[in-house]
Amino acid sequence: MRRKLVAGNWKMHGSLADNDALLTAVLAGMGEVGCDVAVCVPHPYLAQAQARLAGSTVAWGAQNMSQHAKGAYTGEVSAAMLNDFGCRYVIVGHSERRALYGESDQVVAEKYAAAQAAGLAPILCVGETLNEREECITEQVVGRQLDAVIEKCGVASLAKAVIAYEPVWAIGTGVTATPDQAQAVHAFIRGKIRALDAAVADNLVIQYGGSVKGSNAAELFAQPDIDGGLIGGASLVAEDFLAICKAG
Ligand code: PEP
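All values derive from a computational prediction rather than experimental measurement.

Reading guide: rules and limits
Residues numbered from 1 in each chain as written. Predicted model: local features only at pLDDT ≥ 70, side-chain atom pairs only at ≥ 80, totals over all residues. Heavy atoms only, no water. Helix = DSSP H or I, 4+ residues; strand = E, 2+ residues; numbered from the N terminus. Contact = heavy atoms within 4.5 Å. Pairing = 2+ DSSP bridges. Axes fitted to C-alpha atoms, helices over the stretch in contact; angles between N-to-C directions. 1 Å grid on protein atoms, 1.4 Å probe; cavity = no way out; pocket = protein on both sides within 12 Å on 5 of 7 lines; lining within 4 Å. Points joined across faces, edges and corners; volume = space filled by probe spheres on them. Salt bridge = Lys/Arg side-chain N within 4 Å of Asp/Glu carboxyl O. Buried < 20%, exposed > 50% of the residue type's maximum accessible area, 1.4 Å probe, protein only. Expected span 1.5 Å × (residues − 1). Near = heavy atom within 4 Å. Polar contact = N/O pair within 3.5 Å; in protein donor to acceptor, adjacent residues only side chain to side chain. Areas by Shrake-Rupley, 256 points an atom, 1.4 Å probe, with all protein chains shown as cover. Nonpolar A, V, L, I, M, F, W, Y, C, P; charged D, E, K, R; others polar.

What follows concerns the environment of Leu 204. Secondary-structure assignment places Leu 204 in the loop between α9 (198–203) and β7 (205–209). Between the alpha carbons of Leu 204 and Lys 160 there is a distance of 8.5 Å; along the sequence they are 44 residues apart. Filtering out sequence-adjacent residues up to four positions away, Leu 204 remains in contact with Arg 2, Leu 158, Ala 161, Ile 163, Arg 190, Ile 193 and Asp 227.

So this is what it looks like as structure tokens:
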């Protein structure tokens with residue numbers, strides 16, 4: 001039986017004071033949560049997350065990292081640096097990184113490989129744009145994004161990773177995929193992995209992300225292939241995030 005994972009993606013939001021209040025409220029509500037929970041915070045707040053969350057049931061991680069180990073990469077952050085702050089997870093290939101910072105499938109695969117080499121669990125984001133959905137090439141796009149990682153790292157690497165299916169048209173838009181739409185893509189992803197390795201597929205946590213709220217989380221998470229969520233906007237409000245975690 002797979003455990004569900006609800007992970008917050010704070011994106012570029014927060015301040016020391018706001019984070020402190022948010023984490024205090026989240027920790028206070030964790031007693032009623034039965035799934036795994038994590039928050040992926042901006043790099044400058046990793047020390048704060050570590051200080052506040054160490055010893056708790058909430059894990060923490062980052063939202064991006066360099067594919068390089070060290071060197072002349074001004075402004076970049078390596079996997080080893082994330083390890084210094086006790087991260088368990090790092091998001092790779094978020095659609096905002098792909099669209100706004102030009103991260104190709106190849107670069108995402110390199111980041112995924114570098115994260116795993118450092119012992120971090122990558123949360124690999126995949127998903128189609130609205131145009132791609134309308135062209136009925138969702139499976140082609142998601143399949144290509146997965147293939148880049150499988151070709152580089154092998155299917156066995158997914159035993160130590162999480163996949164987040166995030167339709168781009170649903171991220172931050174308030175338009176959530178219906179449970180049936182999401183389940184169909186999750187089943188495609190798991191089926192694709194199962195064709196290569198059944199055990200890896202059965203244990204793989206596949207999150208859904210895209211305008212998840214307290215009001216729609218339970219129905220989404222009840223789908224057989226949806227194992228929790230990657231949560232953007234709603235992870236910034238403790239009450240909303242906890243409502244989603246309780247549905248996990
Ligand atoms: C995200 O940032 O990955 C995300 C899913 O955002 P939101 O929940 O706000 O749609």
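Pairing within the closed barrel is parallel, and its eight strands lie in the order β1-β2-β3-β4-β5-β6-β7-β8. The mean angle between the axes of side-by-side strands here comes to 25°, regardless of whether they run parallel or antiparallel. Direction of pairing for strand β5 (residues 121–126) relative to strand β6 (residues 162–165): parallel, over a ladder of four bridges. Within the sheet, the bridge partner assigned to Leu 124 lies in β6 and is Ile 163. Across the sheet, helix α8 (residues 179–194) lies against β5, β6 and β7, angled at about 150° from β7, the strand it touches most.

Another point: the layout of surface pockets. For the largest pocket, the calculated volume is near 440 Å³. Lining of the largest pocket is provided by 15 residues; of these, Lys 11, Met 12, Gln 63, Arg 97 and Tyr 101 occupy positions nearest its centre. Per element, the largest residue contribution to the lining of the largest pocket is three residues, and it comes from helix α4 (residues 95–100). The computed volume of the second largest pocket comes to approximately 300 Å³.

All told, the structure shown has 14 salt bridges when counted by the stated rule. With a closest N to O distance of 2.6 Å, Arg 194 and Asp 202 form a salt bridge. With relative accessibility at 39%, the residue Arg 194 sits in the partly exposed group. Three or more residues are tied together by salt bridges with common partners; here these are Arg 2, Arg 190, Asp 225 and Asp 227.

This part covers helix α7 (residues 138–153). The terminal C-alpha atoms of α7 lie 23 Å apart, and with 16 residues this matches the ideal 22 Å at 1.5 Å per residue to within 8%. Along α7, the residues classified as buried are Thr 138, Val 141, Val 142, Gly 143, Gln 145, Leu 146, Ala 148, Val 149 and Ile 150. In the core, the buried residues of α7 are packed alongside α4, α5 (105–117), β5, α6 (130–134), β6 and α8. Positive backbone phi, approximately 85°, marks Gly 154, located one or two places after α7.

This part is about the site of the ligand. What surrounds the ligand is a group of 14 residues, the closest being Lys 11, Glu 166, Gly 172, Ser 211 and Gly 232. At 2.7 Å from an oxygen atom of the ligand is found a main-chain nitrogen or oxygen belonging to Ser 211. For the ligand, whose free accessible area comes to 300 Å², the fraction covered by protein is 95%. For the shell around the ligand, a count of residues per class yields four nonpolar, eight polar and two charged.

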